[in-house]
Amino acid sequence: MGVLFGGRSSEHEVSLQSARAVMDALGQAGHEVIPIGISRTGRFLVGGDPLRALSSGDFTGEQSATMLPEPGGEHRLQTTPSAASLDVLFPVLHGTFGEDGTVQGLFELAAVPYAGAGVLASALGMDKVVQKTLWRGMGLPVVDYLSVPRREVERDVDGVLDRIEDAFGYPCFTKPANLGSSVGVRKARDRAQLRAGLEDAARYDAKLLVERAVDARELECGILGNDEPIASVVGEIVPGADFYDYRAKYLDTGSQALIPAEIPPLVADEVRRMAVAAFKAVDAAGLARVDFFFDRASDRLYLNEINTMPGFTAISMYPKLWAASGISFPELVTRIAELALERFQDRSRNQTSRALE
């Protein structure tokens, strides 16, 4: 089984942490693991220790590889002087060029089974504006939001600020529409902070998302499955900072994960129901983590976002939620690989050519 990690994303380091945990768990479950590193410039690395190489920046012990987008009986990484045959790919890639449908398109062209969502679901899961528009159109609750093009911020920032203030005022959040791990996310309490937040988010994406802030508890639920997905127990994140930003997620130690969340059983049931509905709405597969806001004032639930390749680090919620639901880490990654094969076999039944009559 090939495990891909690293990649051309601001979440490169998180991917390395996730991959280390996934490869350890796959090894414990008895799977043969072939590490495949992807450098920040997009160079594929095999042989040696790609994880060490990407962590240190020293690639002298690794070979470059090329994955050919050609289907065949064996799924291969082309290397010199040897080639590795892969039965399943597990792309432990977070963010752009890994979780957004781009690498999934390569896997589809190569006709290789791969873990997680397909091209469409990956793209929808990455684009927070489109996923929220889809959910809202299906009657699923989301917080008030606006989509702002980066070019509009550059051309008429005061006009953008006026539009946001007229829509929902302060406090509000600014974030890149296509990114994860809370990279580029800021909370704005006034016009100056809003402008700074928009400019920061614009460093990472051409489309920005601005959301009305709600005084809410942050709930998370894991999903596992293809056509008949199941939901984990519900967990709660208690940030050690003002909100659950990148530093609170991965660097500081003040945040807490409460599993299961201390919420009424009916609320937990609704979270699980809505999580499955959100998963199906974007046509996801294999796995996902769905995040919610639970408004303290109104007791209303709002969908926040779906993560089609959630973190697998030592402190990540997704494996913890399933451990609390009775599925160990080795069992979890094995099941995800099995779901990849199941989905591949089902899609292989599709007829792709038709004789002219």
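See the structure printed just above.
The notes below deal with the structure included here. Treat the numbers as computed from the prediction; the structure is a model and nothing was measured.

## Quick notes on the packing of aromatic side chains
- For the coordinates displayed, the defined rule picks out five aromatic pairs.
- Measuring from ring centre to ring centre gives 5.7 Å for F312 and Y318, while their planes differ by 70°; the resulting arrangement is edge-to-face.
- Given a relative accessible area of 0%, F312 falls into the buried group.
- Y318 sits in the buried class, given a relative accessible area of 0%.
- Among the aromatic residues, ring-to-ring pairing joins F90, F312, Y318, W322 and F329 into one connected group.

## Quick notes on the layout of surface pockets
- In this structure, the second largest pocket encloses a volume near 320 Å³.
- As for the second largest pocket, its lining consists of 15 residues, and the residues nearest its centre are D227, D283, A284, A285 and R343.
- Of all elements in the fold, only α4 (119-126), α10 (265-281) and α12 (329-347) reach the threshold of two or more residues within the lining of the second largest pocket.
- Considering each element in turn, the lining of the second largest pocket owes the most residues, four residues, to α12.
- For the lining of the second largest pocket, the residue count by class is six nonpolar, two polar and seven charged.

## Concerning helix α3 (residues 102-110)
- For α3, the set of buried residues is V103, Q104, F107 and A110. Around the axis of α3, the buried residues are gathered within 120° of arc, so they sit on the same side.
- Within two residues after α3, A111 carries a phi angle of roughly 55°, on the positive side.

## Observations regarding the pairing of strand β13 (residues 230-238)
- Direction of pairing for strand β12 (residues 216-225) relative to β13: antiparallel, over a ladder of six bridges. The residue of β13 that forms the bridge with E220 is G235.
- Following β12, the chain reverses through four residues before pairing antiparallel with β13.
- Sheet topology places β13 next to strand β14 (residues 256-258); three bridges connect them, and they run antiparallel. Bridged to E236 within β14 is L258.

## Describing the pattern of salt bridges
- For the coordinates displayed, the defined rule picks out 21 salt bridges.
- Measuring nitrogen to oxygen at the nearest pair gives 2.8 Å for the salt bridge that ties E211 to K132. Note that E211 is positioned in strand β11 (residues 207-212) and K132 in helix α5 (residues 128-137), a separation of 79 residues in sequence.
- When the shortest N-O distance is used, the salt bridge between R335 and E338 registers 3.7 Å.

## Quick word on the nonpolar core
- Ranked by size, the top nonpolar core spans 35 residues in total, and within it W135, L219, I263, V271, V290, F292 and L303 carry the most contacts.
- Of all the secondary-structure elements, those providing two or more residues to this core are α4, α5, β12, β13, α10, β15 (286-295) and β16 (301-307).
- The greatest single-element share of this core, amounting to nine residues, is contributed by α10.
- If sequence neighbours within four positions are ignored, W135 has contacts with L140, V142, A278, A281, V282, L303, N304, E305 and I306.
- With 28 residues, the next largest nonpolar core counts V3, A25, L51 and L224 among its residues.

## A short note on the sheet that holds β13
- Pairing is antiparallel in the open sheet, where five strands are placed in the order β14-β13-β12-β15-β16. Strand pairing shows two members of the sheet lacking a second neighbour, β14 and β16, which therefore form its edges. Each adjacent strand pair in this sheet contributes to an overall mean axis angle of 30°, direction not counted.
- With six bridges connecting them, β15 and β16 associate as antiparallel partners. The residue bridging F294 from the neighbouring strand is L301, located in β16.

Definitions and limits used
- Residues numbered from 1 in each chain as written.
- Predicted model: local features only at pLDDT ≥ 70, side-chain atom pairs only at ≥ 80, totals over all residues.
- Heavy atoms only, no water.
- Phe/Tyr/Trp six-rings, centres within 6.5 Å; stacked < 30°, edge-to-face > 60°.
- Buried < 20%, exposed > 50% of the residue type's maximum accessible area, 1.4 Å probe, protein only.
- 1 Å grid on protein atoms, 1.4 Å probe; cavity = no way out; pocket = protein on both sides within 12 Å on 5 of 7 lines; lining within 4 Å.
- Points joined across faces, edges and corners; volume = space filled by probe spheres on them.
- Helix = DSSP H or I, 4+ residues; strand = E, 2+ residues; numbered from the N terminus.
- Nonpolar A, V, L, I, M, F, W, Y, C, P; charged D, E, K, R; others polar.
- Arc of directions from axis to C-beta.
- Pairing = 2+ DSSP bridges.
- Salt bridge = Lys/Arg side-chain N within 4 Å of Asp/Glu carboxyl O.
- Core = buried A, V, L, I, M, F, W, Y, C linked by side-chain atoms within 4.5 Å.
- Contact = heavy atoms within 4.5 Å.
- Axes fitted to C-alpha atoms, helices over the stretch in contact; angles between N-to-C directions.

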